[in-house]
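Chain by chain, the residues:
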Amino acid sequence: MHFFFEKKEKTNQNLIEQIILERYHQYYRLALRYTHHEADACDIVQNGAYKALRNCHTLKNPALAETWVYRIMLNECFRYLKQPQFLSYESMQEESGMEPGVTEDSYENIDLQRALDTLPAKDKAIVILKFFEDKKLEEIAEILEENINTVKSRLYRSIKKLHSALSADSNQNLCSGNAFPYGKNGGGI
């Protein structure tokens, strides 16, 4: 009987290893969306892979292994967000995209990223999984262990919040005079 459990554990371990190797970049992108730092995203994926392999014996249904690993990675992202964040001078420069002594512009959709960061963790997860990871609503519900109708309503609510936040940002830029090079009245010459 002991041999049967060892064989099942080895089969699960091989399956988990295969899933992690095949989807490593997908997990990395997911983590990067939460952390905004390459090193932290790598740490999250590494920790998630370790936990998945360490606990592969608890996987009851191998058909759900992919969802199980995805859930572990998502929980690692949530764990990262709960940790206190300490910033060094180097990490602040890295976050702004600058190296010491170098001033170079790099374009990212900063407004969208800031708007995403205002959402609660689960709502943010739904938006990321749907629009950045191209997951179906059924898959998202399975990964987050939520009812599909709950996922739909959170997604709809999150989209409205993002739309409002992004609209407010663009309106603020227009009202502050940034959109008018010659002053608010358009004159100046």
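Computed from a predicted structure; not experimentally measured.

Student: Explanation requested: the overall build of the protein chain in the structure shown.
Tutor: Tallying secondary structure elements over the protein chain gives nine helices and zero strands in all. Put simply, the protein chain runs from its N terminus to its C terminus through helices and strands in the order α-α-α-α-α-α-α-α-α. Expressed as a percentage of its 189 residues, the buried residues of the protein chain come to 30%. At a minimum sequence separation of 6, the contacts of the protein chain that also span at least 24 residues come to 66%.

Student: Looking at this structure, I do not really get the side chain of K135. What am I missing?
Tutor: Summarising the element assignment, K135 is placed in the loop between α7 (121-132) and α8 (137-144). With no salt bridge to any partner, buried K135 finds its closest opposite charge in E66, at an N-O distance of 4.1 Å. Those residues in contact with K135 that sit more than four places away from it in its chain are Q26, E66, Y70, L129, K130, I140 and I143.

Student: What is the right way to read the pattern of salt bridges from this model?
Tutor: Tallied over the full model, the rule gives nine salt bridges. With its nearest N and O atoms 2.5 Å apart, the salt bridge here joins E76 to K51. Of this pair, E76 sits in helix α4 (residues 65-82) while K51 sits in helix α3 (residues 38-54), and the two are 25 residues apart along the sequence. Close ionic contact of E76 with R79 constitutes a salt bridge, the shortest N to O distance being 2.9 Å. Residue E76 and its partner R79 are both found in helix α4; the two are separated by three residues, about one turn of the helix. Exposure remark for E76: the relative accessible area of 3% places this residue in the buried category.

Basis of the calculations
- Residues numbered from 1 in each chain as written.
- Predicted model: local features only at pLDDT ≥ 70, side-chain atom pairs only at ≥ 80, totals over all residues.
- Heavy atoms only, no water.
- Helix = DSSP H or I, 4+ residues; strand = E, 2+ residues; numbered from the N terminus.
- Buried < 20%, exposed > 50% of the residue type's maximum accessible area, 1.4 Å probe, protein only.
- Contact = heavy atoms within 4.5 Å.
- Lys, Arg positive; Asp, Glu negative; His and termini not counted.
- Salt bridge = Lys/Arg side-chain N within 4 Å of Asp/Glu carboxyl O.

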